[in-house]
Amino acid sequence: MMMRKIYGLLTVSLLLAGCAGLRSSDEVPPPVSDKGAVVALVDSAKTDAASGKVDTAGASLERALRIEPHNPALWHELAKLRLQQRQLDQAASLAAKSNALARGNKSLRAGNWRIIGEARAQKGDDQGAQNAFNKAAELEK
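The structure contained in this document is the topic of the report that follows. (Residues numbered from 1 in each chain as written. Predicted model: local features only at pLDDT ≥ 70, side-chain atom pairs only at ≥ 80, totals over all residues. Heavy atoms only, no water.)

A count of helices and strands for the protein chain gives seven helices and zero strands. Ordered by position in the sequence, the α and β elements of the protein chain form the string α-α-α-α-α-α-α. Of all 141 residues assigned to the protein chain, the portion counted as buried reaches 38%. Pairs at least 24 residues apart make up 50% of the contacts formed inside the protein chain by residues separated by at least 6 positions. Counting every atom, the protein chain has about 8,400 Å² of accessible surface; 56% of that belongs to carbon and sulfur. (Helix = DSSP H or I, 4+ residues; strand = E, 2+ residues; numbered from the N terminus. Buried < 20%, exposed > 50% of the residue type's maximum accessible area, 1.4 Å probe, protein only. Contact = heavy atoms within 4.5 Å. Areas by Shrake-Rupley, 256 points an atom, 1.4 Å probe, with all protein chains shown as cover.)

Here the focus is helix α2 (residues 36-50). Along its 15 residues, α2 runs 21 Å from first to last C-alpha, staying within 8% of the 21 Å computed at 1.5 Å per residue. Looking at α2, one finds that the buried residues are Val38, Leu41, Val42, Ala45, Asp48 and Ala49. One side of α2 holds all its buried residues, which, seen down the axis, span an arc of 130 degrees. Exposed side of α2, more than 90 degrees from the buried face: Gly36, Thr47 and Ala50 are the residues found there. Each element contacted by the buried residues of α2 is listed here: α3 (54-67) and α4 (72-84). (Expected span 1.5 Å × (residues − 1). Arc of directions from axis to C-beta.)

Now for the packing of aromatic side chains. Within this structure, the stated rule accounts for zero aromatic pairs. It is Lys97 that lies over the ring of Trp75; its NZ or CZ is 5.3 Å from the centre. (Phe/Tyr/Trp six-rings, centres within 6.5 Å; stacked < 30°, edge-to-face > 60°. Lys NZ or Arg CZ within 6 Å of the ring centre and 35° of its normal.)

Phi is positive for Arg86, which is not a glycine, with a value near 65 degrees. Secondary-structure assignment places Arg86 in the loop between α4 and α5 (88-102). The exposure class of Arg86 is partly exposed, given its relative accessible area of 46%. Backbone geometry places Arg103, a non-glycine residue, at a positive phi of 45 degrees. With respect to the secondary-structure elements, Arg103 resides in the loop between α5 and α6 (106-122).

The subject of this paragraph is the nonpolar core. Considering soluble globular proteins, one finds that nonpolar side chains tend to be buried as a cluster. Of all hydrophobic cores here, the largest spans 28 residues; its most connected members are Leu61, Leu74, Leu78, Leu81, Leu83, Trp113 and Ile115. For Leu78, the residues in contact, after removing those within four places along its chain, are Gly58, Leu61, Glu62, Leu65 and Leu94. (Core = buried A, V, L, I, M, F, W, Y, C linked by side-chain atoms within 4.5 Å.)

As structure tokens, then:
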């Protein structure tokens, strides 16, 4: 019962942290790729994940990564999915891979640090989580 409350609080904090990077309603986020096949695979993955088909969503993202292995947005999407699946080490590792490729994209890098922070928090590494959330906040300034 106590763990449910902790996970609930962590989820709320992650959602609130993610809100800091939201765009205004009139801005359209850029597509993850300029390749139609990759965009279709990501859209399919998001639909599948939202309906609970996380294995199918993961397979779609992995196919997209075979097409564009140096696309940091794809690594980020897969990291989010692995976090949702509670594959915490893999989520953090994929987010770090995205950061290595993201270079000047501060918004994406901040999102990756939030994933790393959430993964660390769920593993009980409170200090590591706080460090990651601080890095995300620093990138968002």
